[in-house]
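Listed below are the residues making up each chain.
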Amino acid sequence: MSLMNYKTAFEILEIDMSNKKYSDINLEYLKKQYHKLALLYHPDKNGNTLESNEKFKQINEAFNCLKREISISNININHYDDDDNLDDFLGSLGISRPK
């Protein structure tokens, strides 16, 4: 399995960081987004084609990438109480906060 960057993982999971409240991006939110897309793109529901299998694998890899980072870092954005810490965290994910 190749390493996926966070920006790609957010895109695959259809999480638009430009209009999302950062407090919504936690493990619970990721799980909901993952389950929604996994059901929608499951190969059994899409003719079990090569494309559907690849899309499903990407969804799994994106979810596991972000879940692993949250678990390892024990990060919950709700705990950020000042903008500098939040900006540091988001910068570590390769994204910047909209101005």
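Note that the structure is predicted; figures quoted are calculated from it, not measured.

(A) Region of the structure containing the overall build of the protein. Within the protein one finds four helices and zero strands. The order of helices and strands in the protein, counted from the N terminus, is α-α-α-α. A fraction of 61% describes how many contacts in the protein between residues 6 or more apart in sequence connect residues 24 or more apart. Approximately 6600 Å² of the protein is accessible, and the part contributed by carbon and sulfur atoms is 49%.

(B) Structural view of the side chain of Ser52. Checked against the element boundaries, Ser52 lands in helix H3 (residues 50–73). Engagement of the side chain of Ser52 in a polar contact is seen with the backbone oxygen of Thr49, the distance being 2.9 Å. Residues within four places of Ser52 in sequence aside, it is in contact with Tyr41, Pro43 and Asn46.

(C) Quick look at the nonpolar core. Grouped together as the largest cluster of nonpolar side chains are 21 residues, with contacts concentrated most on Phe10, Leu13, Ile15, Leu30 and Leu66. Breaking this core down by element, the ones donating at least two residues are helix H1 (6–12), helix H2 (27–41) and H3. For this core, the leading source of residues is H3, giving seven residues. Not counting residues up to four positions away in its chain, the partners in contact with Leu30 are Leu13, Ile15, Phe63, Leu66, Lys67 and Ile70.

(D) Region of interest: unusual backbone geometry. Its identity is not glycine, yet Glu14 carries a phi of approximately 55°, on the positive side. For Glu14, the position within the fold is in the loop between H1 and H2. For Asn48, which is not a glycine, the phi torsion comes out positive at approximately 50°. Assignment of secondary structure puts Asn48 in the loop between H2 and H3. Residue Asn48 is classed as partly exposed on the basis of its relative accessible area, which comes to 49%.

(E) Local environment of the side chain of Asn26. Examined against the element boundaries, Asn26 turns out to sit in the loop between H1 and H2. For Asn26, a relative accessible area of 16% translates into the label buried.

(F) How the structure looks around the environment of Ile70. Considering the arrangement of structural elements, one finds Ile70 in helix H3. In this structure Ile70 comes out as buried when scored by relative accessible area, which is 13%. Spatially, the C-alpha atom of Ile70 lies 9.9 Å from that of Ile25, the residues being 45 residues apart in sequence.

(G) Broad picture of the confidence of the model for the protein. When the pLDDT values of the protein are averaged, the result is 79; 67% of them are 70 or greater. For the protein, helix H4 (residues 83–92) is the element with the lowest average pLDDT, namely 66, and H2 is the one with the highest, namely 92.

(H) Representation of the packing of aromatic side chains. Evaluated as defined, the whole model comprises one aromatic pair. Both rings, one in Tyr34 and one in Phe63, keep their centres 4.5 Å apart while their planes meet at 25°; by these two values the pair is stacked. With Tyr34 in helix H2 and Phe63 in helix H3, this pair connects stretches of sequence that are 29 residues apart. Comparing Tyr34 with Phe63, the two get one shared label, buried. Sitting over the ring of Tyr41, Lys55 keeps its end group 4.9 Å from the ring centre.

Procedures and definitions
- Residues numbered from 1 in each chain as written.
- Predicted model: local features only at pLDDT ≥ 70, side-chain atom pairs only at ≥ 80, totals over all residues.
- Heavy atoms only, no water.
- Helix = DSSP H or I, 4+ residues; strand = E, 2+ residues; numbered from the N terminus.
- Contact = heavy atoms within 4.5 Å.
- Areas by Shrake-Rupley, 256 points an atom, 1.4 Å probe, with all protein chains shown as cover.
- Polar contact = N/O pair within 3.5 Å; in protein donor to acceptor, adjacent residues only side chain to side chain.
- Core = buried A, V, L, I, M, F, W, Y, C linked by side-chain atoms within 4.5 Å.
- Buried < 20%, exposed > 50% of the residue type's maximum accessible area, 1.4 Å probe, protein only.
- pLDDT = per-residue confidence, 0-100.
- Phe/Tyr/Trp six-rings, centres within 6.5 Å; stacked < 30°, edge-to-face > 60°.
- Lys NZ or Arg CZ within 6 Å of the ring centre and 35° of its normal.

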